[in-house]
Structure formats: structure tokens, C-alpha cells
Amino acid sequence: MNLPDRIRRKLTPVQQARAAEWIGQGRLQPVSQSPAEQRWRLLLPSGSAVEILYWPEDQEGECSCEGGDCLHLSAVLQAQGRTIPPLPDDLADIGAGAAKAGAKNTGAAGKAAPVVAVTPIQYRLVRLAGSRLALDWEEPPGTLRLPDDLEIRRRMSGWKGQPIPPLFVRDVLPLLRGRALRLQGSSGAEKAGDPPLWEGAVQVDTAPVLPRLRVEDRGSALLLRLVRPAGIAEVFIGGPAGHIVRMGGIIRVFQKPDMEPRLYDQLQQGMTFTGPEIHRLAVEFLPGLRKRHGLEADVLTKRLPEVVEAAPRLHLEVETEGERLRVVPKIVYSAADGDPPLATIERGEFRLTGQQLPRRDTQAEARLREQLHTQSGGLLAADIPLERNGLAALRLLDSLHLPLRERITARAPQFRRVTAPMQPAVAVSDVRLSDGAGWRLRVDGLQVAPDRLIAAWQGGQRLIQTAEGWQEIPQEWLDRHGAMLAELLSVSEGTGVIRRESGPLLLSALEAMQRPVPPSMDPIRALVGDFRAIPHEPPAPDFEGSLRPYQQQGLSWLLWLRSVGMGGILADDMGLGKTVQCLAALSRVPGRHLVVAPTSVLRNWEQECRRFLPARSVCLYYGADRALDPDAFLTLTSYALLRIDLEILQPVPWAAVVLDEAQMIKNPDTQAAQAAFALQARHRLAMSGTPVENRLEELWSAFHFACPGLLGGRAAFRDRFENPISAGSRTARDDLRRRIRPFLLRRLKSEVARDLPPRTEIVLRCALSLDERRIYQAAASLSRADIVKMLDANRALSVLEVLLRMRQAACHPGLLNKDWQAGSAKMELLTGTLEEILAEGHCALVFSQWTSLLDRVEPELQKRNIRFVRLDGSTRDRAAVVAEFSAEDGPPVFLLSLKAGGTGLNLTRADYVFHLDPWWNPAAEDQATDRAHRIGQQRPVISCRLIAEDTVEEKILELQERKRELVRAAMDEGEMAKALTREDLLGLF
């Protein structure tokens, strides 16, 4: 609540009028004024002075009198926007502190200083037709406007004398409290001969008027209904806060109680209570309405419950749910043991439960409480629930005296001990699924559900509750096979059915448990080993080209996955020929095939297919006149067209669907990912050199396309793998690797392409000039505390905008200031390095995520007569630009935007790669570098990151390393590192 609202609540109109007099007498004078802060000095009639500070923007102030929300602050508020009279001559020395005590308010010539006449505004409430009211008033000359008057005028602007708007009751009526009002006028609905409507002075009372409850006899039942309270003389239409009513000379608000609309309607129409419901009306309903809604009742019936003789007795409420035991001791009144209770004692209060009313015996109740305390060893007390789970419940029962224990176990027979041991045995049977074969998992020899048994074992329990009682778990068997059984249960997702994607996992478990293996699982034995048992499969005879050994292994793996009806992810490192392996595999698969790829690589797919499979037809489904060719061996389209033309592509029964650069569906919520999931295909393949860039959920999305069901549902994957791995769980990491290993093939260049020249990564650092440093510091002006506040307020996008400006300032001030002409330290470092390497006969790729930064590079190269070509999102003929650079006499420098040139290009003529601005995720930079470091490269490749010292770019290098650790945690033996956290983001500042 701001200062004006507090003043309005605290001070009466008379007090505020007194403050207004001081203004008219010239006692309030400004000392200093600014839009942000005002300083005032007020000479009081006592001769002393106070200093007042007021901040208009915040509507807050302070007074040197330290009296809180005082009259002095009220005077400053009323002075806002008014002409302030000058200080009288005899008071002019107040600034020097020399005002005389008891000085008269006279001017220099002995004349009295002007005094403001206090004439409050007179308000009228005027009746209008239709039970409506209007608010009217007059302001004769000399009328004093208090803050409440100004607020009334603001809120009633345009409504003076008109029917009061609905919000009047809530916003304006409270401002009239304590004012002299008159009610007058006629509604226009009176008939001839009716007495004249009441007119006179009224006062506003903001305390609401609530309806009352009335209870009366209605035959054999009791009727409860809402009635209008006595004393209401007139009712006027109000607003959402309630109707305006007149009660004598008082104006109040007749307010609807804050309750459920359905209950309110029932009470208005009347609710009848019969039989036992009458007790509920008296004991529960009426007290509840009074407590929750403030409704008072007028009881017009004399019927009371019958008084009977009954003794207090101890009753035990026993509830069980699984391993949970809940006991609530109660003291009840009943005629005999086992009889329904007539009343209960709940926390010392006597509550009826029947139509008869027993006499209360508090001494007998005290004896029962003492008996309960003794027999339970102090564990049980009346009305206090005692709840135990598992073994703790058994220990509770053991600690009770026999009478109590028997009363509890009689109602909870499952809390007994069973001596017969469990003998678990896993069995598997074939089951036919809608998309192929599967297996049904069954665990015999148990008296509980397998998932409960696993949970008990993982929790270190020795006993488990069964339908017959508590029994020891098979500890030795679970120590050997419990982890495998737990994983099988997770992939069955509670249905007991293991899908074909989890066949390798099931086969490994059955062999380890020495259980029979169905013949239907024989074809997948090779996937459980190290792939060496996969038979050698050559490409089709019309495939023109030779495969390297690792490419031949990939071909055999792809064809083997298809033979067992499963999909996979080919995640070879960039430049190892994933396209060639895929085409070789598709050449052996009859039918129509669909390849979905980024637009930038569609032509590359078309050229590679015509190169290696010249006899096969290719349909490029792209462009305004696109059309499907039903006879084409291979159909190529983009992710954008897959989303747009899903209705055309989805009904086709494709023999195989391939997603190239499958990181395009890393977010499973995107329309592109949803469209890919919806495609029909007998075989699915995802290809990506970076299946994990930022989060493990990206891996789930790729597998959800290639092997639906392998990693379970999205929420289950997050709970079982993503969150534990992000927290450093090696167990979850190893489980994930074991599950995806048969369906993910990843080879690094260093492992298989030993003839590929080495790749070296170096960091080139530059120091910003003084002018550049000033611009960078301005971009980075927010403190760490500011960033914390923005994150706490869910303004992460604002934080990223600050980071963007900091990164641009570190690269080139011209990215923030178009008029900047002084160049940049990073640009000098780039051009100087280019001149050196070009003189030695090298060629270079220069990447940036900002085309505006490339625009700054171009004139620098032209000044130095360095030939170059450029490719970004606006380039129409990509192939021509690539061909110009790749020619032997082509330009030695290729400028590329990271997004447009980071994938799908073969630029092995270059052996230097420059990254002008580091990106959060190193995968994007690695993809760009691999445009040069790929098969066909004959020279060592040097990847150079240009970094401005003492800027956020150095923090980004540290963040990149953490991102690499996330990928290694999912797909190889690297150490686990946490994903990007709030602390990582703060660390960039």
C-alpha cells in the first residue's frame, strides 16, 4: 500500500483539511524539486519546523517528525500540482531556524495571511429508475478538495449523475465513509397513492451486511434457508462486491457470502434435513457455515436429540494400504461393545454421530486414556494417528501389550510372518504385437508383484509384505539377478511385454539367469556380442564404389538391424561417410525409401546417389512444383516440407525412412519431430554425428524415432536416466549405455580413419583496445546480483540478451554501433593471420554465426587484395559458390555463416578453419571444422578459435568443455559431468 492510500485510511477529512490550511497560509514551502525527489519545509503553528522528503515516482515519503504517516506528509500530497502561496514576511526566517514561538499569522503590514476556507464537497445519492443509484455533487467556489475527493472524481469521471457503474461498490463507496451524504430522488416506479420515498442524511458504513440463516420446521423435516436480515429498507443494484442497501440512515453493502455457487443456490432455495441428517445439521453444517462464512442462524424449532445412557469405550480405527499401517485410537460412546457409536470425542470435543445424545462422563474418558497409555507403552494416544510403514509397523505391533496387538491384527491379518521361502524363476513366452514379435515376461515363485520385490531389495529390506503376511526376500538370488530383472521390468513399462527393441537386453538376462531362450530370439544373438558375429553383407551389384573396412562393418550392421525388424542410429564422426554407408544399405532393401535432410544437403544426397547408384531413380521432393514419384528408388525432402506435407508423406508405406542430421528433431515437442514420429516405415535409421548436443533428452528423441519404446516414455527416461546421470550417477550412465549399445554405432576418426591427417585446435587471443574495452564494459554493466534477480524472476531471455551484447562487443564494436569506424582487435588478428598462412599457400574457412560480422570482414579482405567467396542464408546457388572455392585456382578464403555452412559441405581444399565467435555448444563448431577435416583431406587441419581476453568468450570455452563431457557420458567411457546449470549461466558473468 503506497503513501496516499495509507494517508487516506489513517487521517479523517477534518485532519486533512487542517493540512490544507497550512498550504493556504504559506507555511509549506519547497526547498528543492526534481522529478525523482522533492524536499519541503513546513512551519508549524507552534513555531517549530519539519523537513519532508517525497519521492513522486514511488509515491513514498519521510518526515523529520518521525510520526509515520503524519499530517505533514498529507500537506505535501495535497500540494502536488497546486500553486503554493509565498512564505509571509514574518515567517521568512524559518529557513535559518529563527521562527519565534507563538508567532501570530500576520503579514509584514500587519494584515492577516490568507486562510483557506474549509468547505467540504457535498455528495448526494440520487435514486434512478430500475433500482439504480447515481452519485452527484457540487463544488462552489472555495470548496476544499481532499485527496479522497480527487480520487472520487477520477474514478467517477463521466459518471457524475449517471447510474453508478458496477465497480462503484468496491472502489468509490469506501471513499465516502465518514462523509455527510443525502439520499434523495424518486425511482420512478412508484404508483399513485404510494407514500413518498424516504429522503434524508445518510452515512456510509463499509462493514458488509450478510444474509442470515433460518431453521424452521417443515413437516417432519427441518428447513434451512438464507433470508434477508431485518432492517433493510431499500435495495439498490450494486456490482460484483454486492448490492447497496439502506438500513435506516446507514448505507451499507449487502454482500453475497464467499461460498461455492452450488451451495449458495441450495441455501437460497432451501435445504431440508430429515432423520440422522438433523444431527449433521446441528453438529456440522450450521457451525461450519458460521465458522467459514460468518453466517448466523435464527433457529425457530424446539426439537432436540434424545438423551440416553451410554458408556465411553476405546475404539481402534485400523487402516492398511500395502505396507502402511495406520492406527487411530478413539473414545466413543455406545450402548455396548461393538455397537455403533452414538458420539465420539475428537480432541476433547463431544460430537454426536447418531440421533440419540448420550450423557458425557469425563472421568471415565480419563481412565480410558490412562489404560491406552499403559498398554501401548506411551506410543498411542486418543485422537492421534500413529502410522508406520514396513518393518517399522512390525516393531510397533511387537511393542504393544497382547490385548491391543490382537485387536489390531484381527483387522490387519496381512501383518503376520510367513516362514516359507520365495523361489523366483523368470519365464518368457512369445507374443504377437501390432508391429511384430515381442515377448511376455513372467516371474514365478513370488507372492508379490516383481516391481515391489525389486524396490524392497534396492531399499535394503529383508522382509516384504505379501497377501499372507511378511516374508523374507530371496536375497542371494536378487544379489545375482536383481539389477537385470529391474531393467527388464522398466522396459516392459508395467505391461509385462518386452518389445523387440529390448530383445538384446532380454536375451542377455535369460542367458545370465540360465533360463530357457525362445527360438524366436536366436536372430538377435549377434547384437548382444561385439557385432563380430554379424554376417558380412556386400552392397547391391549396381553399387558403384568401394567401402572402407569400417564402412563395410556399418553396412552389415544396418542390414542386420533390418533383418531383425529394428532401427538404429548411425552416429559416426563427421566426415566418415555416413551417407555412403546408408546408400549401400538401401541398395539392398527393395521398395521406396525416404530421406529427410536439411535443405542445404539435399543436393549433396542427390549427387551421391547418382554417383554410387547411377541406375536408381531419385525424386527430389522440393520446390513449388514438387510431386512424389511412386517409382523412384529414393525420395529426398527437407524437414520443413516433412512438416508441411505430412498428409502426403505419412500415408506412404516406406520401406525405409532415414533422418540425416537427426539432431534436427532433438526437441520432441517440435512439429518436425512429431511429423517424423508419425511416418510409416518398416525400417528407420537416424544419422547424426552429434546425437547429443545439450541434453540427454535429445538422445531419447532420436531413439523414439528409430526404436520406439527402447528407452520407455519421455517422463520415465527423465526419471531413470537423464536426471540421475546429470547428478553424476555412474549406474544410470552404464545402464543407458548397455541399453542403447546394440542400436547405436559410433566410430571416431581417430579410431577408423587412420589415414586422415591430424587435426589441431588452437586458441588465438587478442587484447581489446581501450575504446573497445569501454564499449565492452558498458555492454557488461549488469552485476552478478542483477543477473540473479533476473533469473529469479524467470527472465532468462533477458539474461541471454545481455550475453549477446557482451559477445558482440568482444568481437567487433560495430555490431553494436553501426557508426563505428575504428576496426577491432579481433579483426586485426584475423587479417594478420590470414596474410601469413596465405603467403605459405594455405586456404582457409572463416565461420561466424553473425552475417553482420562477415560484412565487417569483407572490406578488410578487399583492402588487402585477398580474394574470397561467401556463403550464408541468402546464398541462392550454394553449389556454384562451393565449386568456385574448390577449384584449384579458386579464392583462398571462404566466408561462411555457421548455420548455413556448418553442415553438408565438403571443403577439403581448406586446411585452416577460423571461428570468429565461440558458440555455447562445441558440436556446432566441430561440425563446421569437419567441413575441411574429412575423408579426402590430405593436409593437417588447424582449427583456430579467436578469443578476446578478459571477456565472456573465455568463459564460453570452459562451458564448451562441459558440453563435451555430457556427450562422452552418454556414448563412451568419459567421466560424467553435469549439464548446464543456473550456476554455469551465472559463471559467464
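Residues numbered from 1 in each chain as written. Predicted model: local features only at pLDDT ≥ 70, side-chain atom pairs only at ≥ 80, totals over all residues. Heavy atoms only, no water.

(A) Looking closely at the overall build of the protein. The helix and strand inventory of the protein stands at 34 helices and 41 strands. Buried residues in the protein amount to 49% of all 989 residues. Within the protein, counting contacts between residues at least 6 apart in sequence, those at least 24 apart form 65% of the total. Total accessible area on the protein stands at roughly 47500 Å², and carbon and sulfur atoms take up 50% of it. (Helix = DSSP H or I, 4+ residues; strand = E, 2+ residues; numbered from the N terminus. Buried < 20%, exposed > 50% of the residue type's maximum accessible area, 1.4 Å probe, protein only. Contact = heavy atoms within 4.5 Å. Areas by Shrake-Rupley, 256 points an atom, 1.4 Å probe, with all protein chains shown as cover.)

(B) Main features of the packing of aromatic side chains. Taken as a whole, this structure holds 7 aromatic pairs when the rule is applied. A ring pair is formed by Tyr-123 and Trp-137, whose centres lie 5.7 Å apart and whose planes are at 55°; its orientation type is tilted. Of the two residues, Tyr-123 sits in strand 5 (residues 122–128) while Trp-137 sits in strand 6 (residues 132–138), which places them 14 residues apart along the sequence. You can call Tyr-123 buried: its relative accessible area is 2%. For Lys-160, the ring lying beneath its charged end belongs to Trp-137, and the centroid distance is 5.1 Å. Here the basic side chain of Arg-909 rests over the ring of Phe-885, its NZ or CZ set 5.2 Å away from the ring centre. (Phe/Tyr/Trp six-rings, centres within 6.5 Å; stacked < 30°, edge-to-face > 60°. Lys NZ or Arg CZ within 6 Å of the ring centre and 35° of its normal.)

(C) Seen up close, the confidence of the model for the protein. Overall, the predicted model of the protein reaches an average pLDDT of 83, with 90% of residues at or above 70. Contacts from residues 94–118, a stretch scored under 50 in pLDDT, to residues over four places away or in other chains number 36 contacts. Below a pLDDT of 50 lies the segment residues 973–981, which in the model reaches 24 contacts outside its immediate sequence neighbourhood of four places, other chains included. (pLDDT = per-residue confidence, 0-100.)

(D) Here's a closer look at the sheet that holds strand 33 (residues 656–660). Here we have 7 strands laid out as an open sheet, ordered 31-32-30-33-34-29-35, and parallel in their pairing. Whereas interior strands pair on both sides, the edge strands pair on one side only; in this sheet they are strand 31 (618–620) and strand 35 (744–745). Here strand 30 (residues 593–597) pairs with strand 33 via 4 bridges, running parallel. Across the sheet, the residue bridging to Val-595 is Val-658, located in strand 33. Packed on one face of the sheet, helix 15 (residues 549–563) meets strand 29 (568–570), strand 34 (684–687) and strand 35 and runs near 165° to strand 29. (Pairing = 2+ DSSP bridges. Axes fitted to C-alpha atoms, helices over the stretch in contact; angles between N-to-C directions.)

(E) The arrangement of the environment of Leu-391 in detail. In this fold, Leu-391 is placed in helix 9 (residues 391–399). By relative accessible area, Leu-391 is classed as partly exposed at 28%. Residues Leu-391 and Glu-323, spaced 68 residues apart in sequence, show a C-alpha to C-alpha distance of 8.4 Å.

(F) Quick peek at the packing of helix 15 against helix 16 (residues 578–586). The N-to-C vectors of helix 15 and helix 16 enclose an angle of 45°; their axes lie 9 Å apart at closest approach. As far as their axial angle goes, helix 16 and helix 15 are oblique. Crossing geometry of helix 15 relative to helix 16 is assigned as right-handed. Judged by residue contacts, Tyr-550, Gln-551, Gly-554, Leu-555, Leu-558 and Leu-559 of helix 15 engage Gln-581, Cys-582, Ala-584 and Ala-585 from helix 16. Here the contact of helix 15 with helix 16 is built from residues that sort into 7 nonpolar, 3 polar and no charged. (Parallel < 35°, antiparallel > 145°, perpendicular 65-115°, else oblique. Left-handed = near helix turned anticlockwise from the far one by under 90°. Nonpolar A, V, L, I, M, F, W, Y, C, P; charged D, E, K, R; others polar.)

(G) Representation of unusual backbone geometry within the structure. For Gln-59, which is not glycine, the phi dihedral falls at a positive 55°. Along the chain, the position of Gln-59 falls in the loop between strand 3 (49–55) and strand 4 (60–63). Residue classification places Gln-59 among the partly exposed positions, given a relative accessible area of 33%. In the Ramachandran plot, Gln-514 falls in the positive-phi region, its phi being about 55° despite a non-glycine side chain. Considering the arrangement of structural elements, one finds Gln-514 in the loop between helix 13 (503–513) and helix 14 (525–528).

(H) View of the nonpolar core. Counting residues in each nonpolar core, the largest one holds 105 residues, and the members touching the most others are Trp-605, Leu-634, Leu-659, Phe-703 and Phe-705. In terms of residue count, the dominant contributor to this core is helix 12 (residues 475–492) (7 residues). Setting aside residues no more than four positions away along its own chain, Leu-634 makes contact with Leu-583, Leu-586, His-593, Val-595, Trp-605, Cys-609, Ser-617, Val-618 and Cys-619. Val-308, Ala-343, Leu-396 and Ile-408 belong to the second largest nonpolar core, which has 29 residues in total. (Core = buried A, V, L, I, M, F, W, Y, C linked by side-chain atoms within 4.5 Å.)

(I) Broad picture of the sheet that holds strand 38 (residues 868–871). If you walk across this open sheet you meet the 6 strands as 36-41-40-37-39-38, and the pairing is parallel. The sheet is open, and its two borders are formed by strand 36 (759–766) and strand 38, each paired with just one other strand. Sheet twist, expressed as the average angle between the axes of neighbouring strands with direction ignored, equals 20°. Where strand 38 and strand 39 (residues 893–897) come together, 4 bridges link them in parallel fashion. Within strand 39, the residue paired with Leu-871 across the bridge is Leu-896. Across the sheet, helix 28 (residues 825–839) is in contact with strand 36, strand 37 (844–848), strand 39, strand 40 (912–915) and strand 41 (941–948); its angle to strand 36 comes to roughly 135°. Sheet contacts for helix 29 (residues 851–863): strand 37, strand 38 and strand 39; angle to strand 39, the most-contacted strand, approximately 165°.

(J) Representation of helix 8 (residues 362–375). Taking 1.5 Å per residue, 14 residues should reach 20 Å; helix 8 reaches 20 Å between its end C-alpha atoms and fits that length. Within helix 8, the full set of buried residues consists of Ala-364, Glu-365, Leu-368 and Leu-372. Each buried residue of helix 8 sits inside an arc of 100° when the element is viewed along its axis, so together they form one side. In helix 8, the exposed residues that point more than 90 degrees away from the buried face are Gln-363 and Arg-367. Between the side-chain oxygen of the N-cap and the backbone nitrogen of Gln-363 there are 3.3 Å, and the N-cap of helix 8 in question is Asp-361. (Expected span 1.5 Å × (residues − 1). Arc of directions from axis to C-beta. Polar contact = N/O pair within 3.5 Å; in protein donor to acceptor, adjacent residues only side chain to side chain.)

(K) Structural detail: the side chain of Thr-635. Tracing the chain through its elements places Thr-635 in strand 32 (residues 634–638). In this view, Thr-635 contacts His-593, Leu-594, Val-595, Cys-619, Tyr-621, Leu-628 and Trp-654; residues no more than four positions away in its chain are not counted.

(L) The arrangement of the pairing of strand 26 (residues 463–466) in detail. A two-sided burial pattern is seen for strand 26, the buried positions comprising Leu-463 and Gln-465 on one face and Ile-464 and Thr-466 on the other. For strand 26 and strand 27 (residues 469–472), the ladder comprises 4 bridges, and the chain directions are antiparallel. Bridge pairing in strand 27 links Gln-465 to Trp-470. Between strand 26 and the antiparallel strand that follows it, strand 27, lie 2 residues.

(M) Inspection of the environment of Val-204 at higher detail. Within the secondary structure layout, Val-204 lies in strand 8 (residues 200–204). Judged by relative accessible area, which is 7%, Val-204 ranks as buried. Counting along the chain gives 49 residues from Val-204 to Val-253, while the straight-line C-alpha distance between them is 9.2 Å. Not counting the four nearest positions on each side in its chain, Val-204 is found in contact with Leu-173, Leu-176, Arg-177, Gly-178, Leu-181 and Ile-251.

(N) The arrangement of the state of the cysteines in detail. One pass over the structure, following the stated rule, counts 0 disulfides. Free cysteine: Cys-65, not disulfide-bonded; nearest cysteine sulfur from Cys-63 at 3.4 Å. (Disulfide = S-S within 2.5 Å.)

(O) Representation of the pairing of strand 10 (residues 221–227) in the model. Among the 7 residues that make up strand 10, 6 are buried, leaving the element largely enclosed by the rest of the structure. Pairing geometry for strand 9 (residues 212–218) and strand 10, over 7 bridges, is antiparallel. Note on strand 10: the bridge partner recorded for Arg-214 is Arg-225. Sheet topology note: the strand 10/strand 14 (residues 271–273) ladder contains 3 bridges and is antiparallel. Within strand 14, the position partnered with Leu-224 by the bridge is Met-271.

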